[in-house]
Amino acid sequence: MNIINVPELAKPIVKSHHKARHMKKMAIGPFSLSCAEMRFSGDIEKFDEVDDALMACQQQQGWDLFIAYFNDQYHVAINFFTEQQDVNAVLEVASAVIAKQLGDVEVQVLVGDANYGDWDSCYAA
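Note that this is a predicted model, so its numbers are computed, not measured.

Draft legend 1. Representation of helix H3 (residues 87-102). Here H3 contains 16 residues, and its C-alpha end-to-end distance of 22 Å stays within 8% of the 22 Å for a straight helix at 1.5 Å per residue. Every buried residue of H3 is listed here: Val90, Leu91, Ala94, Ser95, Val97, Ile98 and Leu102. Mapping the buried residues of H3 onto a view down its axis gives an arc of 165°, with all of them on the same face. Exposed side chains of H3 directed beyond 90 degrees from the buried face belong to Glu92 and Lys100. On its buried face, H3 is in contact with strand S1 (2-5), strand S2 (33-40), helix H2 (47-61), strand S4 (73-81) and strand S5 (107-113). In the segment just after H3, Gly103 is the residue with positive phi, at about 85°.

Quick look at the structure:
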């Protein structure tokens, strides 16, 4: 698994006067979201099985999930609250589900802040 850390752009700092609604609106503090985007090759014919397995996992884990197939690759974006789950644990669970459906595949992973990551710089590369 090849993991690429997404650089972070300027992110607001939690201050003592910020109420929960402010932090939620700015997606900081306990409301900060991380994203792990997994890219891998696989058979398009198995898309429904992969989708169903990851959706079942999403319901158990409490993730926000986006699954697509384009450019001959699967793209799985998993969003989760940074303080509630560890990136490595999320990747381990998702990788196990993918391996069960497609076998051993080479996975490229982009990991960073869902709202303040410089995702465009990673897509250009």
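Read on, since the account is not over.
Draft legend 2. Just the pairing of S5, in detail. Across the seven residues of S5, six count as buried, placing the element largely inside the fold. Strand direction decides the pairing type here: S1 and S5, joined by four bridges, are parallel. Bridging across to S5, Ile4 finds its partner in Leu110. Relative to S5, S2 runs antiparallel, the two sharing seven bridges. If you follow Arg39 over to S5, its bridge partner there is Gln108.

Draft legend 3. The nonpolar core, seen in detail. Grouped together as the largest cluster of nonpolar side chains are 24 residues, with contacts concentrated most on Met38, Phe40, Leu54, Trp63, Val76, Ile78 and Val109. Of all the secondary-structure elements, those providing two or more residues to this core are S2, H2, strand S3 (64-70), S4, H3 and S5. Element by element, the count of residues in this core is highest for H3, at six residues. Each residue touching Leu54, except ones within four places of it in the same chain, is listed here: Leu65, Ile67, Val76, Ala94 and Val97. In this structure, Val6, Cys35, Ala77 and Cys122 belong to the second largest nonpolar core, which totals six residues.

Draft legend 4. Structural detail: H2. Its 15 residues place the ends of H2 21 Å apart at the C-alpha level, agreeing with the 21 Å of an ideal helix rising 1.5 Å per residue. Every buried residue of H2 is accounted for by Phe47, Val50, Ala53, Leu54, Cys57 and Gln58. With its buried residues spanning 145° around the axis, H2 presents them on a single face. In this structure, H2 carries Asp48, Asp52, Gln59 and Gln60 as exposed residues pointing more than 90 degrees from its buried face.

Conventions we followed
- Residues numbered from 1 in each chain as written.
- Predicted model: local features only at pLDDT ≥ 70, side-chain atom pairs only at ≥ 80, totals over all residues.
- Heavy atoms only, no water.
- Helix = DSSP H or I, 4+ residues; strand = E, 2+ residues; numbered from the N terminus.
- Expected span 1.5 Å × (residues − 1).
- Buried < 20%, exposed > 50% of the residue type's maximum accessible area, 1.4 Å probe, protein only.
- Arc of directions from axis to C-beta.
- Contact = heavy atoms within 4.5 Å.
- Pairing = 2+ DSSP bridges.
- Core = buried A, V, L, I, M, F, W, Y, C linked by side-chain atoms within 4.5 Å.

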